[in-house]
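Close look at the chain arrangement
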Amino acid sequence: MRAVVYEAFGGPMEVREVPDPPVPPGGAVVRVLATGVCRSDWHGWQGHDPDIRAFPHVPGHELAGVVEAVGGGVARWRPGDRVTVPFVCACGRCASCAAGDQQVCENQTQPGFSHWGSFAELVALGAADVNLVGLPEEMPYTTAAALGCRFATAYRAVLARGRTAPGEWVAVHGCGGVGLSAVMIAAAAGARVVAVDVSADALALARELGAAEAVDGSAGDPAAAVREITGGGAHVSLDALGSPATARASVEGLRRRGRHVQVGLLPPAAGPAPLPMDQVIALELEILGSHGMAAHAYAPMLELVSAGTLRPDALVARVIGLEDAPAARAALRTAGAAGMTMIAPG
Ligand SMILES: [Zn+2]
Ligand SMILES: [Zn+2]
């Protein structure tokens, strides 16, 4: 198959012929028809993710396509089925999986990190009956591929973890891929959204996607600005970027009994994120983590996408071919900020 590969952290990426991935027992090989370019791919390429241990490596974890082959023991899927997959693939056997919490599976795999990913014509995925999600017939692959990482992650962070209710104020710190998805989802849920970012372009996009207010994170104290706009603080606040500064600003922008949701990944290289625990107790704040979304939880989100209430396709700025992907690697770092780049290998 053709794939985007690199041989060293930070080294050149090139498209070349590599062996097809074997079909894992209980798993599937999917022919990739669309795959999103995500900031996590940049972190992986830079060596920030300890799951990447061998070279050559193929990145990519937000994908949709068609089942090419299934391994022994797979009951629910056949070649030709249209599917996507959460970026956290679960084992289906551990205590977390048994509890329905596949997003924090104890033996999780992540394509593009723990093994070769989806910047390729084919990708192998484990535990197909647990992890694959069937797509509605009319849903384009580029729309579906946008769901697996940023959109499903934002959906669960805003609704399941943040428990966002109509009329509440929701602050979103960092308007890249996850943040813009969160803005759209919170606005669709009837919340009033304050978007915070250092980029005027990102804030303009956030307004287009439903943010009622926008705060320039580079000017003054963004948490104070959020408290001012919301009359005392947000009910729900997300750090959608993942940095010590945005995590702290998110917590400091909450009102009494507010909920902070950490959804942006905090790579170890950035150091620990010190939080104002005195405020956590004084204001009875909740500090919540949100890590992807299990495949079994996709159905309500897919219905809202099919109905046009949620528009992940609105986040896709451009679609490129596999051969153009290495040239787009400079865009990895800011992936999402100027709209999503989608690769269509097929
Ligand atoms: Zn991602
Ligand atoms: Zn598991």
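Residues numbered from 1 in each chain as written. Chains lettered and ligands numbered in written order. Predicted model: local features only at pLDDT ≥ 70, side-chain atom pairs only at ≥ 80, totals over all residues.

This part is about the overall build of the protein chain. Within the protein chain one finds eleven helices and 15 strands. For a compact globule of 346 residues, the expected C-alpha radius of gyration is about 20 Å, and the protein chain comes in at 19 Å, within 12% of that figure. A burial count over the protein chain gives 53% of its 346 residues as buried. Considering only intrachain contacts with a sequence separation of at least 6, the fraction spanning at least 24 residues in the protein chain is 72%. (Helix = DSSP H or I, 4+ residues; strand = E, 2+ residues; numbered from the N terminus. Rg over C-alpha atoms; globule rule 2.2 N^0.38 Å. Buried ≥ 20, exposed ≤ 12 C-beta atoms within 10 Å, placed from the backbone. Contact = placed C-beta atoms within 7 Å.)

Here the focus is helix H5 (residues 147-161). Here H5 contains 15 residues, and its C-alpha end-to-end distance of 17 Å is more than 12% below the 21 Å for a straight helix at 1.5 Å per residue. Counting buried positions along H5 gives 14 out of 15 residues, so the element sits mostly inside the fold. Note on H5: the residue one or two positions beyond its end, arginine 163, has a positive phi of about 50 degrees. (Expected span 1.5 Å × (residues − 1).)

So, about the sheet that holds strand E13 (residues 286-289). Strand order in the open sheet formed by six strands is E10-E9-E8-E11-E12-E13, with parallel pairing between adjacent strands. The open sheet has two edge strands with one neighbour each: strand E10 (213-216) and E13. Between one strand axis and the next, the sheet turns by 20 degrees as a mean value, whatever way the strands run. Contacting strand E8 (169-173), strand E11 (234-239) and strand E12 (254-262), helix H9 (residues 244-252) runs over the sheet at an angle of about 175 degrees to E11. (Pairing = 2+ DSSP bridges. Axes fitted to C-alpha atoms, helices over the stretch in contact; angles between N-to-C directions.)

With that settled, the discussion passes to the packing of H5 against helix H6 (residues 177-188). Contact geometry for H5 and H6: axes closest at 8 Å, N-to-C directions at 50 degrees. It follows from the interaxial angle that H5 and H6 lie oblique. In this structure, H5 meets H6 at a crossing whose hand is right-handed. Listed contacts from H6 to Arg150, Phe151, Thr153, Ala154, Tyr155, Ala157, Val158 and Leu159 of H5 are Gly177, Val178, Ser181, Ala182, Ile185 and Ala186. Of the residues in the contact of H5 with H6, the class split is ten nonpolar, three polar and one charged. (Parallel < 35°, antiparallel > 145°, perpendicular 65-115°, else oblique. Left-handed = near helix turned anticlockwise from the far one by under 90°. Nonpolar A, V, L, I, M, F, W, Y, C, P; charged D, E, K, R; others polar.)

Turning our eyes to something else, we now look at the domain arrangement of the protein chain. With domains assigned, the protein chain is organised as domain 1 (2-150 + 293-343) and domain 2 (163-289). Placing the centre of domain 1 and that of domain 2 at their C-alpha centroids yields a distance of 27 Å. Listed per partner, the contact involves 16 residues of domain 1 and 15 residues of domain 2. Top element by residues in the side of domain 1 that touches domain 2 is helix H1 (residues 39-45). It accounts for three residues. The class makeup of the residues in the side of domain 1 that touches domain 2 is eight nonpolar, five polar and three charged. (Domains from an automatic or database assignment.)

Within a regular strand, the side chains alternate between the two sheet faces. Alternating residues of strand E15 (residues 340-343) divide into Met340 and Met342 and Thr341 and Ile343, and every residue in both groups is buried. Pairing between strand E14 (residues 316-320) and E15: four bridges, direction parallel. Looking at E15, one finds that arginine 318 is bridged to threonine 341.

Turning our eyes to something else, we now look at H9. What sets the pattern is the α-helix's 3.6 residues per turn: residues three or four places apart point alike. Taken together, the buried positions of H9 are occupied by Thr246, Ala247, Ala249, Ser250, Val251 and Glu252. Against E8, helix H8 (222-229), E11, E12 and helix H10 (277-282) lie the buried residues of H9.

Cis geometry marks the peptide bond from phenylalanine 55 to proline 56; its omega dihedral reads 0 degrees. With respect to the helices and strands, the residue proline 56 is situated in the loop between H1 and strand E4 (62-70). Unlike most non-glycine residues, glutamate 284 shows phi in positive territory, near 50 degrees. Counting through the fold element by element, glutamate 284 comes out in the loop between H10 and E13. The class of glutamate 284 is exposed, set by 10 C-beta atoms lying within 10 Å.

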